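In case you want the letters, here they are:
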Amino acid sequence: NVTGTLHMGHAFNQTIMDALTRYHRMRGFNTLWLPGTDHAGIATQIVVERQLEAQGESRRDLGRAAFNEKVWTWKEQSGSTITRQMRRLGDSCDWEREYFTMDSKLSKVVTETFVRLFEQGLIYRGKRLVNWDPVLQSAVSDLEVESEEEDGRIWEILYPFADGPVGELKGLTVATTRPETLLGDTAVAVNPEDERYRDLVGKQLVLPLCGRTIPVIADDYVDREFGTGCVKITPAHDFNDYAVGQRHDLPQINVLTLDAKINENGPGTYRGLDRYDARKRIVADLDAQGLLVAAKPHKMMVPRCARTGAAVEPMLTDQWFVAMSKPAPADAVNPGKSIAEVALDVVARGDVKFVPENWVNTYNQWLTNIQDWCISRQLWWGHQIPAWYDAEGRVYVARTEEEARAQAGGAAVTRDEDVLDTWFSSALVCHSTLGWPDPQGDDAPAFDLYLPSTVLVTGFDIIFFWVARMIMMT
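Not measured: the values here are computed from a predicted model.

1. Description of the sheet that holds strand β17 (residues 395–397)
Line of reasoning, step 1. Pairing is antiparallel in the open sheet, where 3 strands are placed in the order β17-β16-β18. Taken across any chain shown, the strands that pair with only one partner, and hence form the sheet edges, are β17 and β18 (414–415).
Line of reasoning, step 2. Judged from the 3 bridges that link them, strand β16 (residues 387–389) and β17 form a sheet pairing that is antiparallel. Looking at the pairing, Y389 lines up with V395 of β17.

Now the structure itself:
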C-alpha cells in the first residue's frame, strides 16, 4: 500500500523474494520482479482527511477535485516511503517498470475491464444489502470488518396479536440486541417444526410503537432451541433476515439514514435521532407500554470497520457488483461458465496447486458459497466508475464521456460519483503492468511468463489472477 512502511515481516518476505529472483536470474531464467504501490483507497483517504482535520478543514469544504489534488501531493511527498525502503534493502526489482495503481496507463486498463465485463452482463448495478460504515459513509468489504466481543444487552419484546389474545397467549415474544431496528420489521419467524407455534403461522402481529401489522411466518432459519424460538425479521438491516425476506417476498423497509439516524420511515418521535439515542428512547417507550418483557446483560459480537472503528450497519443501497455465479455469454472466453466455476476448475484440473494441500477445501468452500462482489465505494480517492446517467436516471457504461453521450443520443450525462473497490484494480496488476490488452515489444514475453501451467500457492491472491485471466483474455 502507498500508505505503508516496511516492518520485519516485509523484510523477511522480501529477502526470500530477492534471493529467489537473483538465483533464477543467475541460472539464465527470464526473471521479473515488478515493484509498485497500490493506491489503497480507504486508507489513503483517511490519512489525508485526518491531515485536513488537523488544519481545521474537511474534504467537503474543498470539493472533490481539490481534495484529490491534496492526495496526489501527499502521495508525491510521503507516499513513496515503502519503495524507498525497498531500494535501501537492495531489492533487485526492475525499477524502470515501477507502477502506481492510479497511473493513467493502469487506469485505462481498469476502465476497459469494467466496460467489457458490463457488456458481458458480468457487472451490474442493483440495490442490495452491504456492510455500511456510517462514519466513512461508504460500503466496505467483509475483509474490512472485524467483529469484537463486547458487553451489551438483549431485550425481550412482546409483539401482540392483531386480533387479540390466542388463549392465554397475548402475542409472541422476540429477543433482540438492536431494538431500534424493530421499526423496520416486516415479519416474525418461527421454525416450521416448532409445535408451540405451528398453529400461529399466518396470524398477524402488531408491530410495537409503529402500529403496522406484520405476519408470523415459518422458516428453517429459526433455531427453535434458542431464546423464545421467535425471531424478528428486518430484511433491510440484517443479512440473514435479508435472505429470509427474499424467500418469503417480504417488504424491505430501511429505517436508517447513511449517517445512522432514524429516517422518514420511522415514527415521527424517533426521526433524526442517532441510532443509539433512538435505542434508549425505544426501550423506554416499550417499557412504558408494558411491552418490554426483560432486559439482560449479553456478550455479543459487534462488527466494526477496521479503518474507523465505527459499528457497521447492514444497509440497503444501490451499488455495483461483479456477478460471481452467473454463466458467461457465448462470446466470452469460457462461455456458459461463471467466474467462480472457472476459478474452481483450474484447481480441480491441477493447474493451480495449494501448499499445504488442505487449503483446497477452504478455497472450494469459499467459492462454492460466494456472493456477488460489491465493487463500488462511496469515496473520492480511487478509480471513478465509468458510468454516466441522463436526466431520467438511465445508465450508460462507456470508456469516455463522449461515448456515454453518444449512447444517450447526445443528451447531457452526469458521471457516477462512486469509485471502485481498490481490489478491482489491484487484481488487474498482472495484466495492466505488462501491456494488456495489447501486449507488444518487450512486454510480450514477460506477459507470457504470467500464464504458467502449474503454480504453487500459499495464499488467496492467486484467485484474483485467475479470475482476471479467464474472464478478460478476449
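2. A look at the packing of aromatic side chains
Line of reasoning, step 1. In total, this model carries 10 aromatic pairs according to the counting rule given.
Line of reasoning, step 2. Taking 6.2 Å as the distance between ring centres and 45 degrees as the angle between the ring planes, the aromatic pair formed by W373 and F424 counts as tilted. A residue pair is termed long-range when its members are at least 10 positions apart, and W373 in strand β14 (residues 373–374) and F424 in helix α12 (residues 422–426) qualify at 51 residues.
Line of reasoning, step 3. The class for F424 is buried, based on a relative accessible area of 4%.

3. Details of unusual backbone geometry
Line of reasoning, step 1. Geometrically, the link from V355 to P356 is a cis peptide bond, its omega value of -5 degrees lying close to zero.
Line of reasoning, step 2. Residue P437 is reached from W436 by a cis peptide bond, and omega for that bond is 10 degrees.
Line of reasoning, step 3. Of note in this structure, D249 is not a glycine but carries a positive phi near 55 degrees.
Line of reasoning, step 4. In this structure, D249 sits in the loop between α7 (239–248) and α8 (275–288).
Line of reasoning, step 5. Here the phi dihedral of A260 falls at roughly 65 degrees; this positive angle occurs in a residue that is not glycine.
Line of reasoning, step 6. Note on placement: A260 falls in the loop between α7 and α8.
Line of reasoning, step 7. What makes A260 buried here is its relative accessible area of 1%.

4. Structural notes on the nonpolar core
In summary, soluble globular proteins display a tendency toward joint burial of nonpolar side chains.
Line of reasoning, step 1. Counting residues in hydrophobic clusters, the biggest one holds 37 residues, and the most contacted among them are I157, Y159, L172, L182, V188, L205 and L286.
Line of reasoning, step 2. At the level of elements, β3 (123–133), β5 (145–160), β6 (171–176), β7 (187–190), β9 (213–218), α8 and β12 (313–322) are the ones that each hand at least two residues to this core.
Line of reasoning, step 3. Residues within four places of L205 in sequence aside, it is in contact with Y159, P160, F161, A162, L172, V188, R212, T213, I214 and V216.
Line of reasoning, step 4. If you look at the next biggest cluster of nonpolar residues, it comprises 32 residues, including I339, V352, I370 and Y389.

5. Some thoughts on the packing of helix α9 (residues 339–348) against helix α10 (residues 359–368)
Line of reasoning, step 1. Running from N to C, α9 and α10 cross one another at 160 degrees; their axes reach a closest spacing of 10 Å. Judged on the interaxial angle alone, α10 and α9 are roughly antiparallel. Classified by chirality, the crossing of α10 by α9 is left-handed. For the pair α9 and α10, the contacting residues are A340, A343, L344 and V347 in the first and V360, Y363, N364, L367 and T368 in the second.
Line of reasoning, step 2. When the residues that make up the contact of α9 with α10 are grouped by side-chain class, the tally is 7 nonpolar, 2 polar and no charged.

6. Quick look at the pattern of salt bridges
Line of reasoning, step 1. Using the criterion set out here, one finds 27 salt bridges in the structure.
Line of reasoning, step 2. Taking the shortest distance from any N to any O, the salt bridge between E313 and R178 comes out at 2.8 Å. In this pair, E313 is assigned in strand β12 and R178 in the loop between β6 and β7, connecting sequence segments 135 residues apart. Here E313 and R178 have matching classes, each one buried.
Line of reasoning, step 3. A salt bridge links R394 to E392; the shortest N-O distance between them is 3.2 Å.

Cut-offs used in this document
- Throughout, residues of each chain are indexed from 1 in the direction in which the sequence is written.
- Thresholds applied to this predicted model are a pLDDT of at least 70 for local features of residues and 80 or more for the giving and counting of side-chain atom pairs; totals over whole chains, interfaces and linings are not thresholded and use all residues.
- As a convention, hydrogens and water are excluded, and side-chain values are obtained from all of the structure's heavy atoms.
- Strands pair, by our definition, only if DSSP identifies at least two bridges between them.
- By definition, any uninterrupted DSSP run of H or I lasting at least four residues is a helix, any uninterrupted run of E lasting at least two residues is a strand, and each is numbered from the N terminus.
- When two rings of Phe, Tyr or Trp (its six-membered ring) have centres within 6.5 Å they constitute a pair, described as stacked for plane angles under 30 degrees, edge-to-face for angles over 60, and tilted for the intermediate range.
- Exposure is judged per residue with a 1.4 Å probe applied to protein chains only, and the accessible area is read against the type maximum: over 50% gives exposed, under 20% gives buried, and values in between give partly exposed.
- We define the nonpolar core as a collection of buried residues of types Ala, Val, Leu, Ile, Met, Phe, Trp, Tyr and Cys that are connected through side-chain atoms lying within 4.5 Å of one another.
- By definition in these notes, contact holds between two residues if any of their heavy atoms fall within 4.5 Å.
- A fitted line through C-alpha atoms serves as each axis, taken over the contacting stretch for helices, and the angle formed by two N-to-C directions is quoted from 0 to 180°.
- Should an angle lie under 35 degrees it is considered roughly parallel, over 145 roughly antiparallel, and from 65 to 115 roughly perpendicular; all remaining angles are considered oblique.
- Each crossing is labelled by how the near helix is turned from the far one, with a counterclockwise turn of less than a right angle marking it left-handed and a clockwise turn marking it right-handed.
- Under the grouping applied here, Gly and all other residues not named as nonpolar or charged are polar, the nonpolar ones being Ala, Val, Leu, Ile, Met, Phe, Trp, Tyr, Cys and Pro and the charged ones Asp, Glu, Lys and Arg.
- The salt bridge criterion pairs a side-chain nitrogen of Lys or Arg with a carboxyl oxygen of Asp or Glu, the two atoms within 4 Å.

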